[in-house]
Amino acid sequence: MSQLPLNLTLLLVAATLVFADPQALTLPTFVAGQVAALIILLLCAAVPWGRLPDWWVLVIPLLDFVAVGLVRSGAAGVLSGLGLLTVFPVMWLAGAGRRPRLIVAVCAFASLLMVWTPLLIIGDHAPHTFVAELVVPLMLVSVAVAMSVLTLSGIAQQERVEELLARSETRQRLLDTVLDTVDVGVLVIDDSGTDVFMNSRQRQLYLTALPPGADRATEPELLIYRDGSDALVPAAERPLGRAIAGEELNHEVFRLGRGPQARTVSISAREFRDAAGTRAGAVLACTDVTEVVAAVRARDSFLAAMSHEFRTPLTSLLGYAELLQEDESLSAAARSDLVVMSRNARHLRKMVDDILAASIEGSSPDVQRTKLDLARLVRQAAASAAPDAESRGIALRTEGDGELPVNGDKTGVVRVLDNLVSNALKYSESGSSVTLTTERDGEWAVCRVQDEGIGIAPEDLERIFTRFQRGSSALRSGIPGMGLGLALAHEVAALHGGRLECTSEIGVGSVFTLRLPLAGRGHDGPLPAASAHVDAVERSHVSERADDGAS
């Protein structure tokens, strides 16, 4: 293929001479040049170059100088510029990328031989004649230099591209290995929803979701359920369809398959864009949380059972302690002991109530919101806590006028307020004060509980609303607690569309701020099932009191 262009050009030269000077076609040097070029072409096709060292192929362009020189010598009187035909072997040699300086020198020497040899043969030794023939060699040397530079640049670029490709392939293999190693299913889809990549873990989850006896299934046929439901998820609500539509998913829980082989997964989805910023598809990550969910449910069942077992004897202890306190024959010391017993039994029952409330979250039906006055509930909470505040020597004050209408679960809101007030009293010193303030703040009904207690360290503020977490200052104080009350209060506030916030300073005190939407500002529908845990606790109390009375 590299030799053929020269042969075709020489054939064109012969065709031109047919019209320009047919006699030139019979000149021995012209015929010898054409025959030499043909023989070189046949050698290119016949020689097994693959068995020879790769540099042997460069012999061919060197032989081309001979063929071109013969043709030029034979037709020089008829056609001018035939020496430029040597540009073909020059480009071949320079394009090989081997020893560019040597190649340029060889091209210059071969070009000089081609133009000077005929002069030497005919005996023309005039200096100006030799100088006049230098134009073609100089042009060919320039071509050789330019071709060598381009070739070396191309080789460098090719090496760079090969290096980048090798790195890219290495990274691709590393990525594939990582994705097949991690215990997370990864699915990549393009903008049309076609699977682009699926790691081994995702294939396992896909097989779990197949209908019984099926080897393959389309997305609508897969067995995908909401956690806790036996109804198949509609096609429009399935993770893949929502991801294709551009929706972002954050740790949504689904169940794949039926029976003992079913797996519970947490699915997240994000879209990705190409280099031009156009949406190119989406990535779905599926984490198998079957064991985690089972462990949480087992823990909650254990806590619920334990709490029930504790509450029954505690209710009896409190009931008989209250009956004994009414006995007028008791001495003052005995009555004081009964008060201590009752106080500690109530504290223990509160801890059990918190554990029970945490354990049965989400297990009760929805609770319908009712119209409440937050300001009135705050005053009632203050009145309920007044005896405790008086016994501790703490001044309990309420501030605020007017109603604060909210829609919510009364039991849950009352429990939040009681928890905030009891905490403020528990962590305050005798002689200090606790202030309950109610006010409107735009669309919010706000209640602030401010104390002058031990305070909370800044590093503990982010985790005081986490279950079973207590601040370092509370732990050092030795005051008993389980770290559940604030966590449950925070959850109830969130379920009402509000929030519970805290600011605090060590040694100065804390301010807990409860914000709930004012009535008519939204969030007026039924509370999610998780908000019913407080009501479930109260129903449990009633049931246990009935059991205790029957006993």
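Residues numbered from 1 in each chain as written. Predicted model: local features only at pLDDT ≥ 70, side-chain atom pairs only at ≥ 80, totals over all residues. Heavy atoms only, no water.

### What to know about the overall build of the chain
Right, on to step 1. Counting its regular elements, the chain contains 16 helices and 13 strands.
Right, on to step 2. Counting across all 551 residues of the chain, residues that qualify as buried make up 39%.
Right, on to step 3. Sequence separation of 24 or more characterises 64% of the internal contacts of the chain that already satisfy a separation of 6 or more.
Right, on to step 4. Working note: accessible area of the chain is about 29900 Å², and carbon and sulfur atoms make up 60% of it. (Helix = DSSP H or I, 4+ residues; strand = E, 2+ residues; numbered from the N terminus. Buried < 20%, exposed > 50% of the residue type's maximum accessible area, 1.4 Å probe, protein only. Contact = heavy atoms within 4.5 Å. Areas by Shrake-Rupley, 256 points an atom, 1.4 Å probe, with all protein chains shown as cover.)

### Quick look at the pattern of salt bridges
Right, on to step 1. Evaluated as defined, the whole model comprises 20 salt bridges.
Right, on to step 2. For arginine 201, the salt bridge identified is with aspartate 288, shortest N-O distance 2.8 Å. Of the two residues, arginine 201 sits in helix H8 (residues 200-208) while aspartate 288 sits in strand E6 (residues 279-288), which places them 87 residues apart along the sequence. Pair check on accessibility: arginine 201 and aspartate 288 agree, each one buried.
Right, on to step 3. One network of salt bridges, in which partners are shared, links Asp183, Arg201, Arg263, Asp288 and Glu291. (Salt bridge = Lys/Arg side-chain N within 4 Å of Asp/Glu carboxyl O.)

### Examining helix H13 (residues 410-426)
Right, on to step 1. Spanning 17 residues, H13 covers 24 Å between terminal C-alpha atoms, matching the ideal 24 Å at 1.5 Å per step.
Right, on to step 2. Here H13 has its buried residues at Gly412, Val413, Val416, Leu417, Asn419, Leu420, Val421, Asn423, Ala424, Leu425 and Lys426. (Expected span 1.5 Å × (residues − 1).)

### Thoughts on helix H7 (residues 135-181)
Right, on to step 1. Between its first and last C-alpha, H7 extends 68 Å over 47 residues, near the 69 Å set by a 1.5 Å rise per residue.
Right, on to step 2. Those residues of H7 not exposed but buried are Val136, Pro137, Leu140, Ala144, Ser148, Thr151 and Leu179.

### Some details on a nonpolar patch on the surface
Right, on to step 1. On the surface, a cluster of nonpolar side chains totalling about 430 Å² of accessible area is made up of Val31, Val35, Ile39, Leu43, Val59 and Leu63.
Right, on to step 2. For the nonpolar patch, the secondary structure elements donating two or more residues are helix H2 (28-46) and helix H3 (59-75).
Right, on to step 3. Among the elements that make up the nonpolar patch, the one with the highest residue count is H2 (four residues). (Patch = residues over 30% accessible without salt bridge, like charges linked within 9 Å, V, L, I, M, F, W, Y side chains within 5 Å.)

### Remarks on the sheet that holds strand E12 (residues 499-505)
Adjacent strands of a sheet form backbone hydrogen bonds with each other and so pair up, either parallel or antiparallel.
Right, on to step 1. Taken together, the five strands give an open sheet; going across it, the order is E8-E10-E11-E13-E12, and neighbouring strands pair in mixed fashion. Edge strands, defined here as strands with exactly one partner in the open sheet, are strand E8 (395-399) and E12. Strand-to-strand, the axes of this sheet are offset by a mean angle of 15 degrees, without reference to chain direction.
Right, on to step 2. Sheet topology note: the E8/strand E10 (residues 433-441) ladder contains five bridges and is parallel. Each bridged residue has a counterpart across the sheet, and for leucine 396 the counterpart in E10 is valine 434.
Right, on to step 3. Relative to the sheet, helix H12 (residues 374-392) contacts E8, E10, strand E11 (444-451) and strand E13 (509-517), its axis offset from that of E8 by approximately 170 degrees. (Pairing = 2+ DSSP bridges. Axes fitted to C-alpha atoms, helices over the stretch in contact; angles between N-to-C directions.)

### Re the layout of surface pockets
Right, on to step 1. Each pocket or cavity is described by its volume, and for the second largest pocket that value is around 470 Å³.
Right, on to step 2. Forming the walls of the second largest pocket are 20 residues, and the residues nearest its centre are Leu187, Tyr206, Glu219, Leu222 and Leu240.
Right, on to step 3. The set of elements that each furnish at least two residues to the lining of the second largest pocket consists of strand E2 (195-198), H8, helix H9 (239-244) and E6.
Right, on to step 4. The element that contributes the greatest number of residues to the lining of the second largest pocket is H8, accounting for three residues.
Right, on to step 5. In terms of residue class, the lining of the second largest pocket is built from 14 nonpolar, three polar and three charged. (1 Å grid on protein atoms, 1.4 Å probe; cavity = no way out; pocket = protein on both sides within 12 Å on 5 of 7 lines; lining within 4 Å. Points joined across faces, edges and corners; volume = space filled by probe spheres on them. Nonpolar A, V, L, I, M, F, W, Y, C, P; charged D, E, K, R; others polar.)

### Concerning the pairing of E11
Right, on to step 1. Bridge count for E10 against E11 is eight bridges, and the pairing is antiparallel. Counterpart to aspartate 441 in the pairing with E11 is tryptophan 444.
Right, on to step 2. A loop of two residues connects E10 with E11, the two strands running antiparallel in sequence, and glycine 442 in this loop sits at a positive phi of about 65 degrees.
Right, on to step 3. Strand direction decides the pairing type here: E11 and E13, joined by seven bridges, are antiparallel. Opposite arginine 448, over in E13, you have threonine 513 as the bridge partner.

### Considering the nonpolar core
Right, on to step 1. Leu374, Leu417, Phe512 and Leu514 are the most contacted members of the largest nonpolar core, which totals 37 residues.
Right, on to step 2. Where this core is concerned, the elements lending two or more residues are H12, H13, E10, E11, helix H15 (485-495), E12 and E13.
Right, on to step 3. If one sorts the elements of this core by residue count, H12 sits on top with eight residues.
Right, on to step 4. Not counting residues within four places of it along the chain, the set of residues in contact with phenylalanine 512 comprises Leu420, Cys447, Arg448, Val449, Ile456, Ile464, Phe465, Leu486, Glu501 and Cys502. (Core = buried A, V, L, I, M, F, W, Y, C linked by side-chain atoms within 4.5 Å.)

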